[in-house]
Amino acid sequence: MSAVIKEKDRVFVAFQTNDDTRSIVEAIEADNAEAIVSRYPAMVKIEVPGRLVIRRETIEDLIGRAYDLRELHINLISISGNIEESDDELVLHWNQH
Amino acid sequence: MNMPITPQKPAKKLSLKDNYNLLTRGLGWETSYQDMDKVFAQDKFEGIKIHDWDKWEDPFRLTMDAYWKYQGEKEKKLYAIVDAFQQNNGQFNVTDARYINTLKLFLTGVSPLEYQAHRGFAMVGRNFRGTSARIAAQMQAIDELRHAQTQAHTISHYNKFFSGLHDPTHMFDRVWYLSVPKSYFEDAMSAGPFEFITAISFSFEYVLTNLLFMPFMSGAAYNGDMATVTFGFSAQSDESRHMTLGLEVVKFILEQDPDNVPIVQKWLDKWFWRGYRLLTLVSMMMDYMLPKKVMSWAEAWEMYFEQNGGALFNDLARYGIRMPKYHEVASKEKHRLSHEAWATFYNFSHAAAFHTWVPEESEMKWLAEKYPTTFDSLYRPRFEHWREQQQKGERFSNGTLPMLCQVCQVPMFFTEPDDPTKICFRETTYRDEKFHFCSDGCKDIFGNEPEKYVQAWLPVHQIYQGNCFRPGTDPTAPGFEPLAEVLQYYGFHVGEDGGEYLGSLDARNWTQWTGKPAVAE
Ligand SMILES: [Fe+2]
Ligand SMILES: [Fe+2]
Ligand SMILES: [Zn+2]
């Protein structure tokens, strides 16, 4: 018997392309090994199978200042998945994973 | 001086969670001299059972201080760019003046929905008895008002240069194709508060709105429209919060009581189909109205509905929720929707407040690549025929009025799910009267609530009944031209706002002001 390995459903987040989000995208790539980044006119979309995490500390290391994850709202375009948010991280996930 | 003797350390900053709980918990109260069911008279009749409103969590736990701070930042950013855009004559940097027609459709068909959303969320904010639900609705009502205002403000600059943008609210209440978005939203607003929030927050904002805003804004950027990208993104930053709320709302309702599941499923079926039919206008915008195209409607449908929507409904399966009814029909229609819609608007362009045109040869090539199974065989010959007619000075237009679907109010041009060459007609009889539908989806919706949909204000019926003339008009006067009068009633500048793009006032002005051809090479 061989199990069929199906790719997990993806969650995604999309931001405006600008200087603020460059480091955020970099942080997401650093924290999510399977991140797939697609760039469109004025917009960048990051997809990850199953679960995507955005970590405050990783962003702070890149921008060199304190960061409140709610600042993400300013440049957010769209999002999918269930959200868990704390002061330290924002997680998107589908529940079967 | 009343300095403390032992200086205290500053209080530890509250965590996001504590902060949010302080805002939303214990803020309401049980009424004493009026029955709670009388104060909140609308949150039970739909049959939804809520046992514990405190289980409602705002996923972003946005508190008022943070809300105003970030919204203020978004506004400053937006208006700085709008100023720069105006000062630099940004309206002339778009690909060509055909592009402006997407803005006409947006300002007359979508911006009024932002205002409707503002009213709708103010209403549900009043009607829910849970405090956190009311706060979420309040914030969203303010957001939606902001969207209506920023869109009117930004696009008003284009109104100085282009036709068809002069009176969107007047048009919204009257014009035939604008009754599609108008009736969609009024259907939701005249439902109960739980149906409204399921329809708008979940089915529209969460499931379908990506199909409107992602390609629209990326398309605006790609076509050089800095102003629209900016208001679009500014609105979308709120929208992503609304979408998340939509998912949270539906999960909350489903978790509260198993009896809620079939009610919600029925709403998801209804509002998926209503929203999908509304997006017909978006499909033709993507495939035909953007001079430089970002992605096809079929690609967007695959990416944002079939994949993302599929993942979402897989996730909701644990509650016993399945994919919305007729989603497979939408997938069958994806290779023809935009072509059928654009052809219909081409027919009735003289009665619209935006221009239409035959796609250029290079665009037809793109369409053939994106739609290899349908474009060349089914739609290209028609466009080539129309182009020939036009070159002979006989630009085709349709002198009659189309039959509308009783539910979605779109002209009945859709084709059979399994036969793209045959128009899809459905009908039913209710209280000895016959009603017509574009699809099984719309027919089912009517069948579930006939008392509601028999009251639909269908523009074509209204015209034939003589209800779409300005006050004081005498239809019996010699030489009376009903269509010309209807367009006056709509508030159109007849001969400027609609009709063929080539040779139009917009096209001529564009060339005169920019020195560029009316259709970019
Ligand atoms: Fe909005
Ligand atoms: Fe919204
Ligand atoms: Zn219909």
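Throughout, residues of each chain are indexed from 1 in the direction in which the sequence is written. As a convention, the first chain written is A and the first ligand written is 1, with the rest following in written order. Only residues with pLDDT of 70 or above have their local features reported here, since the model is predicted, and side-chain atom pairs are shown and tallied only from 80 upward, although totals for entire chains, interfaces and linings are computed over all residues. Side-chain measures were taken over the full set of non-hydrogen atoms in the model, leaving aside hydrogen atoms and water.

### A few points about the overall build of chain B
Here comes step 1: Helical segments are the DSSP runs of H or I of at least four residues, strand segments are the runs of E of at least two, and each set is numbered from the N terminus. For chain B, the count of helices and strands is 22 helices and six strands.
Here comes step 2: What the globule rule says is 2.2 Å times the number of residues to the power 0.38, and the radius of gyration is computed from C-alpha atoms. A compact globule built from 521 residues should have a C-alpha radius of gyration of about 24 Å, and chain B, at 25 Å, falls within 12% of that.
Here comes step 3: By principal-axis analysis of the C-alpha atoms, chain B measures approximately 90 × 65 × 55 Å.
Here comes step 4: The 521 residues of chain B split such that 59% are buried.
Here comes step 5: Across chain B, contacts joining residues at least 24 apart in sequence account for 78% of those joining residues at least 6 apart.
Here comes step 6: Each accessible area value is a Shrake-Rupley result obtained with a 1.4 Å probe; residue values ignore everything except the protein chains displayed when judging cover. When the accessible surface of chain B is totalled, it reaches about 21,600 Å², and 54% of it is carbon and sulfur.
Here comes step 7: For this count, His and the chain ends are skipped, Lys and Arg are scored as positive, and Asp and Glu as negative. Every charge is mapped to an atom, namely NZ of Lys, CZ of Arg, CG of Asp or CD of Glu. Taken together, the 54 basic and 66 acidic charged side chains of chain B have centroids lying 4 Å from each other. Burial classes: relative accessible area under 20% of the type maximum marks a residue as buried, over 50% as exposed, and values in between as partly exposed (1.4 Å probe, protein chains only). Any two residues whose heavy atoms approach within 4.5 Å are treated as being in contact.

### A word on the packing of aromatic side chains
Here comes step 1: Stacked, tilted and edge-to-face are the three classes assigned to paired rings of Phe, Tyr and Trp, where Trp is represented by its six-membered ring and a pair needs centres within 6.5 Å; plane angles under 30 degrees give stacked, over 60 edge-to-face, the rest tilted. Enumeration according to the criterion identifies 55 aromatic pairs over all chains in this entry.
Here comes step 2: Taken together through their ring pairs, the aromatic side chains of B:Tyr288, B:Trp342, B:Tyr346, B:Trp357, B:Phe375, B:Phe383, B:Trp386, B:Phe396 and B:Tyr501 make up a single cluster.
Here comes step 3: To sit over a ring, a charge needs its Lys NZ or Arg CZ within 6 Å of the ring centre and within 35 degrees of the ring normal. Across the ring face of A:Phe12, the terminal group of A:Lys45 is positioned such that the distance to the ring centre comes to 5.0 Å.

### Considerations on the side chain of B:Ser203
Here comes step 1: Along the polypeptide, B:Ser203 turns up in helix H9 (residues 193-222).
Here comes step 2: Those residues in contact with B:Ser203, other than ones at most four positions away along the chain, are B:Thr198, B:Leu208, B:Leu268, B:Trp271 and B:Phe272.

### Let's talk about the nonpolar core
Here comes step 1: Put simply, a nonpolar core is a bunch of buried Ala, Val, Leu, Ile, Met, Phe, Trp, Tyr and Cys residues held in one set by side-chain atoms that sit within 4.5 Å of each other. Among the nonpolar cores identified, the biggest contains 182 residues, and A:Phe15, B:Trp56, B:Tyr158, B:Tyr177 and B:Phe202 are the most heavily contacted of them.
Here comes step 2: Ranked by residue count, the leading element in this core is H9(B), at 17 residues.
Here comes step 3: Setting aside residues up to four positions removed in sequence, B:Tyr158 forms contacts with B:Phe85, B:Gln91, B:Val94, B:Ile100, B:Leu103, B:Leu165, B:Asp225 and B:Ala227.
Here comes step 4: Counting seven residues, the second largest nonpolar core, distinct from the first, contains B:Ala66, B:Tyr67, B:Ile135 and B:Met139.

### As for the coordination of the zinc ion (ligand 3)
Residue and element names in this part refer to chain B.
Here comes step 1: At 2.3 to 2.4 Å from the zinc ion (ligand 3) lie its protein donor atoms, namely Cys 405 (SG), Cys 408 (SG), Cys 438 (SG) and Cys 442 (SG).
Here comes step 2: Metal donors: N, O and S atoms at distances within 2.8 Å, or within 3.2 Å for Na, K and Ca, with water omitted from the atom set so that some sites may seem incomplete. Working rule for geometry: tetrahedral if four donors all subtend angles between 85 and 135 degrees; square planar for four, octahedral for six, if opposite donors exceed 155 degrees and the others stay between 65 and 115; irregular in every other situation. One can describe the site at the zinc ion (ligand 3) as tetrahedral: its four donor atoms subtend angles covering 107 to 115° at the metal.
Here comes step 3: Written as a sequence motif, the donor residues of the zinc ion (ligand 3) are C-x2-C-x29-C-x3-C. One end of the pair, Cys 405, is in the loop between helix H17 (375-391) and strand S2 (415-416); the other, Cys 438, is in the loop between strand S5 (433-437) and helix H18 (440-448), with 33 residues separating them in the sequence.

### Thoughts on the layout of surface pockets
Residue and element names in this part refer to chain B.
Here comes step 1: Cavity: a set of points on a 1 Å grid over the protein atoms alone where a 1.4 Å probe fits but cannot get out. Pocket: an open set with protein on both sides within 12 Å along at least five of seven lines, its lining residues, like those of a cavity, having an atom within 4 Å of a point. Grid points are joined across faces, edges and corners, and a volume is the space filled by probe spheres set on the points. The space that makes up the largest pocket amounts to roughly 510 Å³.
Here comes step 2: As for the largest pocket, its lining consists of 23 residues, and the residues nearest its centre are Met 36, Arg 129, Gly 130, Thr 131 and Arg 134.
Here comes step 3: For the lining of the largest pocket, the elements supplying multiple residues, two or more each, are helix H2 (36-39) and helix H6 (131-159).
Here comes step 4: Per-element accounting of the lining of the largest pocket gives the leading share, three residues, to H6.
Here comes step 5: Under the grouping applied here, Gly and all other residues not named as nonpolar or charged are polar, the nonpolar ones being Ala, Val, Leu, Ile, Met, Phe, Trp, Tyr, Cys and Pro and the charged ones Asp, Glu, Lys and Arg. Residues of the lining of the largest pocket, tallied by class, amount to nine nonpolar, five polar and nine charged.

### Some points on helix H3 (residues 64-87) of chain B
The α-helix advances 3.6 residues per turn, and as a result positions three or four apart in sequence lie on the same side.
Residues and elements named next belong to chain B.
Here comes step 1: What a helix is expected to span follows from its residue count: subtract one and scale by 1.5 Å. With 24 residues, H3 should cover 34 Å at 1.5 Å per step; its first-to-last C-alpha distance of 34 Å lies within 8% of that length.
Here comes step 2: Those residues of H3 not exposed but buried are Ala 66, Tyr 67, Tyr 70, Gln 71, Lys 74, Leu 78, Val 82 and Phe 85.
Here comes step 3: Looking at the buried residues of H3, the elements they touch are H6 and helix H10 (226-256).
Here comes step 4: Asn 89 lies just past H3 and shows a positive phi near 50°.

### Comments concerning the confidence of the model for chain B
Here comes step 1: When the pLDDT values of chain B are averaged, the result is 93; 98% of them are 70 or greater.
Here comes step 2: Two summary scores accompany this predicted model of the complex, namely pTM at 0.93 and ipTM at 0.87. Every residue gets a pLDDT, meaning the predictor's confidence in that residue, from 0 to 100.

### So, the pairing of strand S7 (residues 89-93) of chain A
Residues and elements named next belong to chain A.
Here comes step 1: The buried count for S7 comes to four of five residues, which makes it a mostly enclosed element.
Here comes step 2: Across five bridges, strand S4 (residues 51-55) lies against S7 in antiparallel orientation. Within the sheet, the bridge partner assigned to Ile 54 lies in S7 and is Leu 90.
Here comes step 3: As paired strands, strand S6 (residues 82-85) and S7 are joined by four bridges and run antiparallel to one another. Directly across from Glu 84, in S7, lies its bridge partner Val 91.
Here comes step 4: Strand pairing is defined by DSSP finding a minimum of two bridges between the two strands. Hairpin connection between S6 and S7: a loop of three residues separates the two successive antiparallel strands.

### As for the coordination of the iron ion (ligand 2)
Residue and element names in this part refer to chain B.
Here comes step 1: Here the iron ion (ligand 2) is held by the protein donor atoms Glu 144 (OE), Glu 205 (OE), Glu 239 (OE), Glu 239 (OE) and His 242 (ND1), which lie 1.9 to 2.7 Å from it.
Here comes step 2: All donors to the iron ion (ligand 2) come from one chain, and their sequence spacing reads E-x60-E-x33-E-x2-H.
Here comes step 3: In this model, the iron ion (ligand 2) sits 3.4 Å from the iron ion (ligand 1), the two metals being bridged by Glu 144. Here the residue Glu 205 occupies a position in helix H9, and His 242 occupies one in helix H10, the gap between them amounting to 37 residues.
Here comes step 4: Since its relative accessible area comes to 4%, Glu 205 is described here as buried.

### A word on the interface of chain A and chain B
Here comes step 1: At the junction of the two partners, chain A supplies 32 residues and chain B supplies 37 residues.
Here comes step 2: Take the accessible area each of two parts loses on contact, using a 1.4 Å probe, and add the two losses: that sum is the buried area. Each partner contributes to the roughly 3,200 Å² buried at the junction of chain A and chain B, and carbon and sulfur atoms together form 57% of this total.
Here comes step 3: A per-residue breakdown of the area chain A buries against chain B is headed by A:Arg70, A:His73 and A:Ile74, which together make up 22% of the total.
Here comes step 4: Any Lys or Arg side-chain nitrogen found within 4 Å of a carboxyl oxygen on Asp or Glu counts as a salt bridge. Linking chain A to chain B there are zero salt bridges.
Here comes step 5: Definition of a polar contact: a pair of N or O atoms within 3.5 Å, with one able to donate and the other able to accept a hydrogen when the atoms are protein atoms, and with sequence-neighbouring residues admitted only if both atoms are side-chain atoms. Inspection of the chain A/chain B interface yields 11 residue pairs in polar contact (both at pLDDT 80 or more).
Here comes step 6: Elements with a minimum of two residues in the side of chain A that touches chain B: strand S1 (10-16), strand S3 (43-49), strand S5 (76-79) and S6 of chain A.
Here comes step 7: Residues belonging to the side of chain A that touches chain B are distributed by class as follows: 13 nonpolar, 11 polar and eight charged.

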